[in-house]
Amino acid sequence: MTDRASAPAEGTAGKGPGGPSLRARVIAIVVATAVLATVAVVYTVSAARRAGSADTPSAFGLDRGQLYFRSTREGDGTGRVARLPAAPSARGAAAMSAEAAPAPDRRTTGGPACERFHAAGGTALCLQRRPGIPPAAYAVVLDGRLREKRRIALTGIPNRARVSASGRMLSWTMFATGDSYATTAFSTRTSILDTRTGYLIKNMEDIPLTLDGRRYHSPDVNYWGVTFARDDNRFYATVSTKGRTYLVEGDMRRWTARTLRENLECPSLSPDNTRLAFKKRVREGARDPWRLYVLDLRTMREHPVAERRSVDDQAAWLDDHTLAYALPGSGGKGSDIWTVPADGGAPALRVAGGSSPALVR
Amino acid sequence: MYLATTGAAAATSGLTRGRVAGPVLALGTVSLVTDISSEMVTAVLPLYFVLQLGLSPLQFGFLDGLYNGVTALVRLLGGHAADRGGRHKLVAGTGYALSALSRLGLLLAGGGTAGIGAALAADRIGKGVRTAPRDALISLSSPPDELGRAFGVHRAMDTTGALLGPLAAFALLWATADAYDAVFVVSFCVGLLGVLLLIAFVPGRDALGPVAAAPTGPRVPLRTRITEPLRDAAFRRIMLAAALLGAATIGDSFVYLLLQKQLDFAVRWFPLLPLGTAAVYLLLAVPAGRLGDRIGRRVPFLLGHAALLAAYVLLLTVGDGIVLLAGVLGLVGVFYAATDGVLMALAGPALPAARRASGMALLQTGQALSRLLAAAGFGAAWTLWGSGPALVAAVVVLAAALAGAAALLPRTERRSSCS
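These figures come from a predicted structure and were not determined experimentally.

Along the backbone of chain A there are three helices and 25 strands. Across chain A, contacts joining residues at least 24 apart in sequence account for 45% of those joining residues at least 6 apart.

Set out below in structure tokens:
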């Protein structure tokens, strides 16, 4: 006990020499707590008011000639799908100059609330999140009138969504949080759904993979960004293993995949099925790592498009000549949709405050 | 409420058995509040990055890895700065304030990557700076024979905050339909309250007395001063044992991943696994600390690692889902309860008061670096051999490290230079 008496702890939190009394300090903390709590509550309440209901039915369906996207514009309809009549043609100088000065935004808001969205052939895929404890995520299959047909519970953060041209094959990728090996790595789960048979592959990483001509087994394979060909059987995707990424070509019926090429992410097949748009890593590290490229599947030659900024998106083909993709918005808010000709020509801002572009043909 | 009892507890702590010193309760409250604030943000940052800003997790992961390296260095500097002139409270307070302000940085950065990078850096630097001075304050405010309990109480309160943080964040996101700015604002308010609590109730230099101020001559080079605690043989052994065991710890994310692979439960429940571990940690932190006070801290520290070893063995052998899940989560919780605060209680008496923050910083940095090494090694082993053989290797390595640490750790740890 003598040890204790001389311990420096003695009387420590009592009245410090010259400091305010305990009573004064308690009062100060109570007042500060009240002020801070008020700030927190007022801010939260005003933030809650900002939010609209996400469960209202869609104000429109899927119609030809409309560009669908997720609206990130402040105010009405943020986080919900909106649409715009697509420009008559995105090709040619006339369209280019028209897009250099974006036409007044005639978007119709009020679609389903989705984090990622894609639609084709009378089917739409909407990746949703419902905040809660724990937060839930869903892949929602919607019909031609954007009414819910099927809902699949998922985990992680929605990332890529694709519907095949016919509307039959659906695929999506989720970032899994909490199970990455090292801090710089992340893990993905990619699922494929056949809407005709209802068959669902929750995690495609068990697909037998041939890498550089040899059967490949490794626990660290990750797939993302699936794109289906017109036959609804052949598909392309990214696989990553041991720090490298590869383009894989897959076969649904035979359930096999083989690598075709290295350093290729988020492939997207052109409507005529002859070319792949993809993002290519051109720089190590996290600063502007990607450029958008186009690969000709017949010659296996690739070339960069005119977009010089780093694109982290699975590009969407608006037609056989035009790519659309999201870039972080100007002023750091949300994202904007840009287009660029696949064969040369300047990028143009298409939709300010949007992501997940999909042109329904 | 802890606040009201703080002053009274401190005033009588010199006389009454069975109560934790006031400064420890005050620091525990500060940590509880601060952890609510920081875990709120940690829980939502990946969502915010990917969904709100449309950035890739790659960038977040890259920054995170970078800053973890920076933190190790900053921690050493923080410990050193605290020892110079006994400025524990000032240095720890600066760290807490920096982390709190980083939430405003996140809010103001909007979506700018540079701004977000700066805010994350501020948060990590703040965390690195404050940890060693805080633990030194806890150990300087408690009698040496009650250090285990003091750290137990502190870690239990700390973990309570870490448990409440994500719940608060997800509740806020739910109430505001994903308004991340509201999470940042509330986190800032809570973090600021933590700083104010520290200013009001944690003792400063005057209360700690001259014993805690290092009489440092300006001519000794910084590197020498930072590594000075290593000259003490007893501390060196503790440091070696901690690093050895750290290098045999494969990391929680692997344990959870292995559980998920074997049990194949709905992945939606995956984020809840750490909560199970934290709950056990929370419940056992104080009993483990008290056990250490009674029979020596060496025993719970080694037993804790034995519990981790048992968890690995369970992962290898048990097929029954419920037993496996409850067993592994429980054992990992026991591991944390019996090692985290206990290690600081073990090291405290081996360090002179004037060098305590520097010594604790060294110990924490050494342990963190060796754990990083272990995680990388296990990741490589998993990739090369598959999860089963990698786990067998982990069991062997941990058993060997445990034997080594048992031989290294001094049996007579009471060598109090505190009073």
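All names here are of chain B. According to the domain assignment, chain B contains domain 1 (22–200) and domain 2 (230–408). Taking only C-alpha atoms into account, the centre of domain 1 sits 22 Å from that of domain 2. Each partner contributes to the interface: domain 1 provides 29 residues, whereas domain 2 provides 29 residues. At the boundary of domain 1 with domain 2, total buried surface from both sides reaches about 2300 Å², with 68% on carbon and sulfur atoms. Applying the counting criterion to the domain 1 and domain 2 interface returns one salt bridge. We note a salt bridge from aspartate 340 to arginine 155, for which the minimum N-O separation is 3.3 Å. The interface formed by domain 1 and domain 2 includes ten residue pairs in polar contact (both at pLDDT 80 or more). Secondary-structure elements contributing two or more residues to the side of domain 1 that touches domain 2 are α3 (57–83), α5 (113–140) and α6 (147–175). Residue contributions to the side of domain 1 that touches domain 2 peak at eleven residues, all from α6. Considered class by class, the residues forming the side of domain 1 that touches domain 2 number 13 nonpolar, nine polar and seven charged.

This next bit is on the sheet that holds strand β14 (residues 234–241) of chain A. All names here are of chain A. Taken in spatial order, the six strands line up as β12-β11-β16-β15-β14-β13 in an open sheet, and their pairing is mixed. For this open sheet the edge positions go to β12 (214–216) and β13 (222–228), each flanked by a neighbour on one side alone. Looking at each pair of strands side by side, their axes are set apart by 35 degrees on average, direction ignored. Pairing of strand β11 (residues 209–211) with β12 involves three bridges; the strand directions are antiparallel. Counterpart to leucine 209 in the pairing with β12 is tyrosine 216.

All right, on to the pattern of salt bridges then. Summed over the entire model, instances satisfying the criterion amount to 25 salt bridges over all chains. The residue aspartate 123 of chain B makes a salt bridge to arginine 103 of chain B at a minimum N-O spacing of 3.1 Å. In this pair, aspartate 123 of chain B sits in helix α5 while arginine 103 of chain B sits in helix α4 (residues 88–109), placing the two residues 20 residues apart along the sequence. Each member of the pair aspartate 123 of chain B and arginine 103 of chain B is classed as buried. Salt bridges sharing common partners tie together Arg160, Glu265, Lys279, Asp312 and Asp313 of chain A.

All names here are of chain B. The terminal C-alpha atoms of helix α12 (residues 273–295) lie 32 Å apart, and with 23 residues this matches the ideal 33 Å at 1.5 Å per residue to within 8%. The largest bend in α12 amounts to roughly 45 degrees and is located at leucine 284, with the proline proline 287 lying one to four residues further along. Buried residues of α12: Leu273, Thr277, Ala278, Tyr281, Ala285, Ala288, Gly289, Gly292 and Asp293, and no others. Here the buried face of α12 lies against α6, α11 (252–263), α13 (298–317) and α14 (321–347).

Okay, the packing of aromatic side chains next. Residues and elements named next belong to chain B. All chains considered together, the criterion is met by eleven aromatic pairs over all chains. Summarising the aromatic geometry, the rings of tyrosine 48 and phenylalanine 184 are spaced 5.0 Å apart at their centres and angled 90 degrees between planes, so their arrangement reads as edge-to-face. Taken together, the residues span a long stretch of sequence, with tyrosine 48 in helix α2 (residues 22–52) and phenylalanine 184 in helix α7 (residues 180–201) at a distance of 136 residues. Relative accessible area serves as the criterion here: at 7%, tyrosine 48 is assigned to the buried category. Ring centres 4.9 Å apart and planes at 55 degrees place the aromatic pair phenylalanine 335 and tyrosine 336 in the tilted group. Assigned by exposure class, phenylalanine 335 and tyrosine 336 land together as buried.

So, about the pairing of strand β19 (residues 290–296) of chain A. Residue and element names in this part refer to chain A. Along β19, six of the seven residues are buried, which leaves the element largely enclosed by surrounding structure. Two strands pair when backbone bridges link them, and strand β18 (residues 275–281) and β19 are joined in this way by seven bridges, in the antiparallel orientation. Its bridge partner being in β19, arginine 281 is matched across the sheet by tryptophan 290. Pairing of β19 with strand β20 (residues 301–304), which is carried by four bridges, proceeds in the antiparallel orientation. For tyrosine 293, the partnering residue across the bridge sits in β20 and is proline 304. The hairpin turn running from β19 into β20, its antiparallel successor, is four residues long, and methionine 300 in that turn takes a positive phi close to 55 degrees.

Along the polypeptide, leucine 193 of chain B turns up in helix α7. C-alpha separation for the pair leucine 193 of chain B and glycine 404 of chain B, spaced 211 residues apart in sequence, amounts to 44 Å. With near-sequence residues (within four places) excluded, leucine 193 of chain B lies in contact with Thr33 and Leu36 of chain A together with Val33 of chain B.

Cut-off values and rules
Residues numbered from 1 in each chain as written. Chains lettered and ligands numbered in written order. Predicted model: local features only at pLDDT ≥ 70, side-chain atom pairs only at ≥ 80, totals over all residues. Heavy atoms only, no water. Helix = DSSP H or I, 4+ residues; strand = E, 2+ residues; numbered from the N terminus. Contact = heavy atoms within 4.5 Å. Domains from an automatic or database assignment. Buried area = accessible area lost by both parts, 1.4 Å probe. Salt bridge = Lys/Arg side-chain N within 4 Å of Asp/Glu carboxyl O. Polar contact = N/O pair within 3.5 Å; in protein donor to acceptor, adjacent residues only side chain to side chain. Nonpolar A, V, L, I, M, F, W, Y, C, P; charged D, E, K, R; others polar. Pairing = 2+ DSSP bridges. Axes fitted to C-alpha atoms, helices over the stretch in contact; angles between N-to-C directions. Buried < 20%, exposed > 50% of the residue type's maximum accessible area, 1.4 Å probe, protein only. Expected span 1.5 Å × (residues − 1). Bend = angle between axes of the 7 residues up to and from the residue. Phe/Tyr/Trp six-rings, centres within 6.5 Å; stacked < 30°, edge-to-face > 60°.

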